[in-house]
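As a plain string of letters, each chain reads:
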Amino acid sequence: MGAILTFVVALAIGSQGSRGGQLAIYRAELYQYDVWWSWPLFFAATALAWGIMLLQR
């Protein structure tokens, strides 16, 4: 869930030309595809996903 949220948010922000400030969004090229990614956003989204899953317990 965290990876999906990271991909969607980084794609929306990175494709507009912004680096996202503290999110440190960067473009990585995998084969012939451009992928926007951010490690700080990934860790925050993963923590948020875990928190939501624990609340549903």
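The structure this text deals with has already been given above.
Residues numbered from 1 in each chain as written. Predicted model: local features only at pLDDT ≥ 70, side-chain atom pairs only at ≥ 80, totals over all residues. Heavy atoms only, no water.

Draft legend 1. A look at the overall build of the protein chain. For the protein chain, the count of helices and strands is 2 helices and 2 strands. Taken from the N to the C terminus, the helices and strands of the protein chain come in the order α-β-β-α. Summarising its shape, the C-alpha atoms of the protein chain cover approximately 40 × 25 × 15 Å along the three principal directions. Considering the protein chain as a whole, with its 57 residues, one finds that 21% of them fall into the buried category. Taking the intrachain contacts of the protein chain between residues at least 6 apart in sequence as the baseline, contacts between residues at least 24 apart amount to 45%. When the accessible surface of the protein chain is split by element, carbon and sulfur atoms take 67% of a total near 4500 Å². (Helix = DSSP H or I, 4+ residues; strand = E, 2+ residues; numbered from the N terminus. Buried < 20%, exposed > 50% of the residue type's maximum accessible area, 1.4 Å probe, protein only. Contact = heavy atoms within 4.5 Å. Areas by Shrake-Rupley, 256 points an atom, 1.4 Å probe, with all protein chains shown as cover.)

Draft legend 2. View of the pattern of salt bridges. In total, this model carries 1 salt bridge according to the counting rule given. Across the pair D34 and R27 runs a salt bridge whose closest N-O atoms are separated by 3.1 Å. Note on D34: relative accessible area 46%, which makes it partly exposed. Of the residues examined, R27 reaches a relative accessible area of 46% and is grouped as partly exposed. (Salt bridge = Lys/Arg side-chain N within 4 Å of Asp/Glu carboxyl O.)

Draft legend 3. Structural view of the packing of helix α1 (residues 2–14) against helix α2 (residues 39–55). Across the interface, α1 lies against α2 with an axial gap of 8 Å and an inter-helix angle of 135°. With respect to α2, the element α1 is oriented oblique. Every pair of crossing elements has a handedness; the one defined by α1 and α2 is right-handed. Between α1 and α2, the contacting residues are G2, A3, L5, T6, V9 and A10 on the first element and L41, F42, A45, T46, L48 and A49 on the second. A per-class count over the contact of α1 with α2 returns 9 nonpolar, 3 polar and no charged. (Axes fitted to C-alpha atoms, helices over the stretch in contact; angles between N-to-C directions. Parallel < 35°, antiparallel > 145°, perpendicular 65-115°, else oblique. Left-handed = near helix turned anticlockwise from the far one by under 90°. Nonpolar A, V, L, I, M, F, W, Y, C, P; charged D, E, K, R; others polar.)

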